[in-house]
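# Fold and geometry: a report
In case you want the letters, here they are:
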Amino acid sequence: MVSVERVIGFRDLPPEAALTNDYDKEVKDWPAGGEIDVKDLSVRYRSGLPLSLRGLSFTIKGGARVGIVGRTGGGKSTLVQSLLRLLEAEKGQIIIDDIDIAKLGLHKLRRSISVIPQSPVLYGGCSLRENLDPFHHHDDERIGEALYDVHMLEVVRSLSHGLDTTVAENGLNFSVGQRQLLCLARAILRRNKILVLDEPTANVDSRTDKLLQEAVAKSFSDATILAVAHRLDTVIDYDKILVLGAGGLLEYGTPHELVVKNGAFCSMIDDTGEEMANILKARARNNSS
Ligand code: ATP
Ligand code: MG
């Protein structure tokens, strides 16, 4: 009876928007530039709950790297979810390369944006190859190159079944850091124009963090990168910083501009302690000159 009740519960859930639609076919080679224009975006998780993003507006140039920072609950993950339409906009729009993403089928949209989430997802019961290349678009050589780029080629080679190794449930036959690197290899194979990192290195050691940052820099050199970060040193060298607070835009500018402004971002830098703050401020200054 419990199972039946759950099936009925699922049946009554409102479905997501259409996965494909006629408009998709008109939109070819999108997104080419990777420019993201967010206009007056308001989002809430459920009716009756307060807005989690309130009238957010900003523009990210194609190919720019933007760090998204802010105190906990500020709306960073909500913004990421809105980009993929896991949450639909209540008001406002997200325009990517002149296309309003609300008009697209969800498949087209979600295939075009790569996300490395905070907790890496591998699919249990499938082979490693299927995990990396679910649609069988690439040969072993290309998959090998992607694994090499994330420093996982040796690890995979040392497995007795190599790419045909079956991934355990929740990817438990790999460490968290390895799973994170494998997710990045998957993103590298897709070569999307837009990459979103939602704090992927929160749970890994500093060596894996470094490997990940280097691999991202190498493989996504001309992509638009949005990186949610609590550790400010991972984004201090980025082109711009977006500070979110209570669902609104607090500050948006180059790291150096925000340091000079001495506002919310600067106070977050100061919270890291005097020594770290001085290093971060020096790096922001050097990058601007
Ligand atoms: P953190 O740094 O802790 O990851 P964040 O900036 O990513 O924080 P969000 O997760 O975007 O913050 O949360 C923004 C607001 O939305 C918060 O007020 C939070 O309570 C609310 N919220 C987040 N997830 C949900 C959810 N699944 N259902 C309802 N409200 C949510
Ligand atoms: Mg979050």
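Please read all numbers here as calculations on a predicted model, not as lab measurements.

This part takes up the site of ligand 1. All residues adjacent to ligand 1 are Tyr-45, Leu-49, Ser-52, Thr-72, Gly-73, Gly-74, Gly-75, Lys-76, Ser-77, Thr-78 and His-230. Separating an oxygen atom of ligand 1 from a side-chain N or O atom of Ser-77 is a distance of 2.8 Å. When ligand 1 is considered free in solution it has 640 Å² of accessible area, and contact with the protein chains removes 60% of it. Each residue belonging to the shell around ligand 1 can be placed in one class, and the counts come to two nonpolar, eight polar and one charged.

Sheet strands associate in pairs through backbone hydrogen bonding, adopting either a parallel or an antiparallel arrangement. Strand order in the open sheet formed by four strands is E2-E1-E4-E5, with antiparallel pairing between adjacent strands. Every other strand in the sheet has two partners, leaving strand E2 (53–60) and strand E5 (99–100) as the edge strands with one partner each. Sheet topology note: the strand E1 (residues 36–43)/strand E4 (residues 91–96) ladder contains five bridges and is antiparallel. Looking at E4, one finds that Asp-37 is bridged to Ile-95.

The subject of this paragraph is the nonpolar core. Nonpolar side chains tend toward joint burial in soluble globular proteins. With 48 residues, the main nonpolar core has Leu-132, Leu-147, Leu-184 and Phe-265 as its most contacted residues. When residues of this core are assigned to their parent elements, the largest contribution, eight residues, is made by helix H8 (residues 176–190). Leave out the neighbours within four places in its chain, and Leu-184 touches Ile-116, Val-150, Leu-212, Ala-215, Val-216 and Phe-220.

Further remarks concern the pairing of strand E3 (residues 65–69). Of all five residues that make up E3, four are buried, and the element is covered over most of its length. Of the strand pairs in this sheet, E3 and strand E8 (residues 224–228) are connected by four bridges, and their pairing is parallel. Paired with Arg-65 across the two strands is Ile-225, which belongs to E8. Bridging between E3 and strand E9 (residues 240–245) involves four bridges; their strand directions are parallel. In the sheet register, Gly-67 faces E9, and the bridge partner there is Ile-241.

For the pair helix H6 (residues 140–149) and H8, the least separation of the axes is 9 Å and the interaxial angle reads 130°. It follows from the interaxial angle that H6 and H8 lie oblique. Handedness of the H6/H8 crossing: right-handed. Contact residues: H6 offers Arg-142, Ile-143, Ala-146, Leu-147 and Asp-149, while H8 offers Leu-182, Ala-185, Ile-188 and Leu-189. The residue makeup of the contact of H6 with H8, split by class, is seven nonpolar, no polar and two charged.

Here we take up the pattern of salt bridges. Counted under the stated rule, the structure contains 19 salt bridges. The partner of Asp-237 in a salt bridge is Arg-283, and the shortest N-O contact between them spans 2.6 Å. Pair noted here: Asp-237 is in the loop between E8 and E9 and Arg-283 is in helix H12 (residues 274–288), with a separation of 46 residues, a long-range link. The partly exposed category is assigned to Asp-237, whose relative accessible area is 32%.

Turning our eyes to something else, we now look at H12. Look at H12: 21 Å from first C-alpha to last across 15 residues, which is about the 21 Å you get at 1.5 Å a residue. Within H12, burial applies to Ala-277, Leu-280 and Ala-284. Projected down its long axis, H12 shows its buried positions confined to an angular sector of 70°, all on one face. Turned more than 90 degrees away from the buried face of H12, the exposed residues are Glu-274, Glu-275 and Asn-286.

The next point concerns the state of the cysteines. Applying the stated criterion to the full structure yields zero disulfides. No disulfide involves Cys-126; its nearest neighbouring cysteine sulfur is the one of Cys-183, lying 13 Å away. Take Cys-126: its relative accessible area is 28%, and that puts it in the partly exposed class.

Looking now at the sheet that holds E9. Pairing is mixed in the open sheet, where six strands are placed in the order E6-E7-E8-E3-E9-E10. Where the open sheet ends on each side, the last strands, each with one partner, are strand E6 (113–116) and strand E10 (248–253). On average, each strand axis in the sheet is inclined to that of its neighbour by 15°, with strand direction left out of account.

Cut-off values and rules
Residues numbered from 1 in each chain as written. Chains lettered and ligands numbered in written order. Predicted model: local features only at pLDDT ≥ 70, side-chain atom pairs only at ≥ 80, totals over all residues. Heavy atoms only, no water. Near = heavy atom within 4 Å. Polar contact = N/O pair within 3.5 Å; in protein donor to acceptor, adjacent residues only side chain to side chain. Areas by Shrake-Rupley, 256 points an atom, 1.4 Å probe, with all protein chains shown as cover. Nonpolar A, V, L, I, M, F, W, Y, C, P; charged D, E, K, R; others polar. Pairing = 2+ DSSP bridges. Helix = DSSP H or I, 4+ residues; strand = E, 2+ residues; numbered from the N terminus. Core = buried A, V, L, I, M, F, W, Y, C linked by side-chain atoms within 4.5 Å. Buried < 20%, exposed > 50% of the residue type's maximum accessible area, 1.4 Å probe, protein only. Contact = heavy atoms within 4.5 Å. Axes fitted to C-alpha atoms, helices over the stretch in contact; angles between N-to-C directions. Parallel < 35°, antiparallel > 145°, perpendicular 65-115°, else oblique. Left-handed = near helix turned anticlockwise from the far one by under 90°. Salt bridge = Lys/Arg side-chain N within 4 Å of Asp/Glu carboxyl O. Expected span 1.5 Å × (residues − 1). Arc of directions from axis to C-beta. Disulfide = S-S within 2.5 Å.

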